[in-house]
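The chain contents come next:
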Amino acid sequence: MIPEGSLLAAHDLRKTYGATPALDGASFSVHPGEVVAVMGPSGSGKSTLLHCLAGIITPDSGTITYAGRELSAMSDAERSALRRSDFGFVFQFGQLVPELTCVENVALPLRLNGVKRKAAERTAREWMERLEVEDTAGKRPGEVSGGQGQRVAVARALAASPKVIFADEPTGALDSLNGERVMELLTEAARSSNVAVVLVTHEARVAAYSDRDVTVRDGRARDLEHAV
Ligand SMILES: Nc1ncnc2c1ncn2[C@@H]1O[C@H](COP(=O)(O)OP(=O)(O)OP(=O)(O)O)[C@@H](O)[C@H]1O
Ligand SMILES: [Mg+2]
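For the structure given in this document, a descriptive report is provided here. The shown structure was predicted, so the numbers you read here are calculated from the model rather than taken from an experiment. (Residues numbered from 1 in each chain as written. Chains lettered and ligands numbered in written order. Predicted model: local features only at pLDDT ≥ 70, side-chain atom pairs only at ≥ 80, totals over all residues. Heavy atoms only, no water.)

Okay, the overall build of the protein chain next. The helix and strand tally for the protein chain stands at seven helices and ten strands. The C-alpha atoms of the protein chain give 17 Å as radius of gyration, which agrees with the globular expectation for 228 residues (17 Å, within 12%). Projecting the C-alpha coordinates of the protein chain onto the three principal axes gives extents of approximately 50 × 40 × 35 Å. With 228 residues in all, the protein chain has 51% of them scored as buried. Once local pairs closer than 6 in sequence are excluded, the contacts in the protein chain between residues at least 24 apart make up 72%. As displayed, the protein chain offers around 10,600 Å² of accessible surface, 49% of which is attributable to carbon and sulfur atoms. Separation of charge centres in the protein chain, based on 26 positive and 30 negative side chains, amounts to 5 Å. (Helix = DSSP H or I, 4+ residues; strand = E, 2+ residues; numbered from the N terminus. Rg over C-alpha atoms; globule rule 2.2 N^0.38 Å. Buried < 20%, exposed > 50% of the residue type's maximum accessible area, 1.4 Å probe, protein only. Contact = heavy atoms within 4.5 Å. Areas by Shrake-Rupley, 256 points an atom, 1.4 Å probe, with all protein chains shown as cover. Lys, Arg positive; Asp, Glu negative; His and termini not counted. Charge placed at Lys NZ, Arg CZ, Asp CG, Glu CD.)

This brings us to a negative patch on the surface. A contiguous patch of negative charge, built from Glu126, Glu129, Glu134 and Asp135, is present on the exposed surface. Within the secondary structure layout, Asp135 lies in the loop between helix H4 (117–130) and helix H5 (146–159). In this structure Asp135 comes out as exposed when scored by relative accessible area, which is 57%. (Patch = residues over 30% accessible without salt bridge, like charges linked within 9 Å, V, L, I, M, F, W, Y side chains within 5 Å. Salt bridge = Lys/Arg side-chain N within 4 Å of Asp/Glu carboxyl O.)

Another point: the pairing of strand S2 (residues 20–30). Among the eleven residues of S2, eight are classified as buried, and the element is accordingly described as predominantly covered. When strand S1 (residues 8–17) meets S2, the two strands line up antiparallel, connected through eight bridges. In the sheet register, Ala10 faces S2, and the bridge partner there is Phe28. Following S1, the chain reverses through two residues before pairing antiparallel with S2; Gly18 in that reversal takes a positive phi of roughly 60°. (Pairing = 2+ DSSP bridges.)

Let us now look at unusual backbone geometry. Most peptide bonds are trans, and most residues other than glycine sit at a negative phi. Phi is positive for Glu169, which is not a glycine, with a value near 50°. Here Glu169 lies in the loop between strand S7 (164–168) and helix H6 (176–192). Phi at Asp218 is positive, roughly 50°, even though this residue is not glycine.

Right, let's talk about helix H1 (residues 46–53) for a bit. It helps to recall that an α-helix has 3.6 residues per turn; residues three or four apart then point in one direction. By the criterion of burial, H1 is predominantly enclosed, with six of the eight residues buried. Among all positions in H1, only Lys46, Thr48, Leu49, Leu50, Cys52 and Leu53 are buried. One or two steps after H1, the chain reaches Gly55, where phi turns positive at roughly 75°.

Right, let's talk about the site of ligand 1 for a bit. Around ligand 1 sit Tyr17, Thr20, Ala22, Pro41, Ser42, Gly43, Ser44, Gly45, Lys46, Ser47 and Thr48, and that is every residue in its neighbourhood. In this structure, Ser44 approaches ligand 1 through a main-chain N or O atom, which is 3.2 Å from an oxygen atom. When isolated, ligand 1 has an accessible area of 640 Å², and the protein chains bury 58% of it. Mapped by element, the contributors of at least two residues to the shell around ligand 1 are S2 and H1. With three residues, H1 is the largest single contributor of residues to the shell around ligand 1. Classifying every residue of the shell around ligand 1 by side-chain character gives three nonpolar, seven polar and one charged. (Near = heavy atom within 4 Å. Polar contact = N/O pair within 3.5 Å; in protein donor to acceptor, adjacent residues only side chain to side chain. Nonpolar A, V, L, I, M, F, W, Y, C, P; charged D, E, K, R; others polar.)

Strand order in this open sheet of four strands is S2-S1-S4-S5, and the pairing throughout is antiparallel. With partners counted over all chains shown, the strands left at the sheet margins are S2 and strand S5 (69–70), one partner each. The sheet contact formed by strand S4 (residues 61–66) and S5 spans two bridges and is antiparallel. If you follow Tyr66 over to S5, its bridge partner there is Arg69. Set on the sheet, H1 makes contact with S1, S2 and S4; between it and S2 the angle comes to about 55°. (Axes fitted to C-alpha atoms, helices over the stretch in contact; angles between N-to-C directions.)

Following this line, the structure appears as structure tokens:
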């Protein structure tokens, strides 16, 4: 049921919103260090799948296993702690805290994990250098470009050494040049740190950065690893 060696695996997820089935038997898995693109048309259930995998929403049925532990067997507090310690997130936009500078934003996950400010900001700056946005450190998110903002968000997602990054249309608001640079830097950093990436996109040129594609249609994910 769980593909061997996978870090995060979902089996037969179902989730209904009123009469709308968002997930209708979706299975998925990702290995450490693997970048998997979740593709499919609008409304097919991609974001719902990502939110279930990240423990943000609970499916009506089906199982999700992370590092050998069943998400549904954890308490809400345990799931939140897991999200903070093991998961990083990059969304389309609006994820940076507008009142904080970019370096404070990148340092935030470390601070939430109990790292002292100076050490957290030092690590944050290292990641910002890697993502080529060190010059935005003292600026607020409203003062940087869309492409810079997304690279700051990627730096923040990576800063606390997560095991999995969940990215939902991370380049959706960018032009193709900026989008490709963000994808290049995200996948390069993830692969070199052995971080798994669950990448939701409907763009083939973004999915081209992945190791593998999973297509979602009408709430059903076709993960070839689960083919019988
Ligand atoms: N919070 C919600 N309340 C009600 N219906 C929802 C909710 N979230 C999703 N849905 C419905 O579930 C289905 C799947 O939505 P989902 O957001 O997962 O699609 P998606 O593949 O991410 O689409 P997009 O590419 O447009 O982001 C859609 O029919 C959507 O309208
Ligand atoms: Mg979506």
